[in-house]
Amino acid sequence: MASQTVAAGVTARTVSAPPPSSHTRLDEAVARLRDGARRFGGVRLDERSALAGAMQAGYLAVADESVRAACEAKGIAPESPRAGEEWGTPWFVVRQ
């Protein structure tokens, strides 16, 4: 993996893009999404609330790892003040 300096003290790694998806795989994904949307429409409010809580807890469980990965990809030391910006995404996800 190549890297380049993008700002003083910040080195970013180059990450390769995933291969393109076929039309068939995209159609299958859209069909699963539509099916899931129909099923989710029938979920009771208390079950939706429990699901949201479980999703929040799950994201909190990986937030630190996610921030560290983002810092690594951007060449930012996870303990540095610059890493603070990377906590914006987990904060907004969990807050909502």
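Preceding this section is the structure that the text describes.
Residues numbered from 1 in each chain as written. Predicted model: local features only at pLDDT ≥ 70, side-chain atom pairs only at ≥ 80, totals over all residues. Heavy atoms only, no water.

Chemist: Can you explain the overall build of the chain? Please cite residues and give values.
Modeler: Along the backbone of the chain there are three helices and two strands. Put simply, the chain runs from its N terminus to its C terminus through helices and strands in the order β-β-α-α-α. In the chain, buried positions account for 10% of the 96 residues. Residue pairs at least 24 apart in sequence account for 40% of intrachain contacts in the chain once pairs closer than 6 positions are excluded. As displayed, the chain offers around 7700 Å² of accessible surface, 59% of which is attributable to carbon and sulfur atoms. (Helix = DSSP H or I, 4+ residues; strand = E, 2+ residues; numbered from the N terminus. Buried < 20%, exposed > 50% of the residue type's maximum accessible area, 1.4 Å probe, protein only. Contact = heavy atoms within 4.5 Å. Areas by Shrake-Rupley, 256 points an atom, 1.4 Å probe, with all protein chains shown as cover.)

Chemist: Outline the pattern of salt bridges, listing residues and values.
Modeler: One side chain can pair with another of opposite charge once the charged atoms of both are near each other. Overall, the coordinates contain six salt bridges when judged by the stated rule. For aspartate 35, the salt bridge is made with arginine 39, and the minimal N-O distance between the two is 3.2 Å. Taken together, the positions of aspartate 35 and arginine 39, both in helix 1 (residues 23–41) and four residues apart, correspond to about one turn of that helix. For aspartate 35, a relative accessible area of 34% translates into the label partly exposed. A relative accessible area of 56% means that arginine 39 is categorised as exposed. (Salt bridge = Lys/Arg side-chain N within 4 Å of Asp/Glu carboxyl O.)

Keep in mind these values describe shape, not function.
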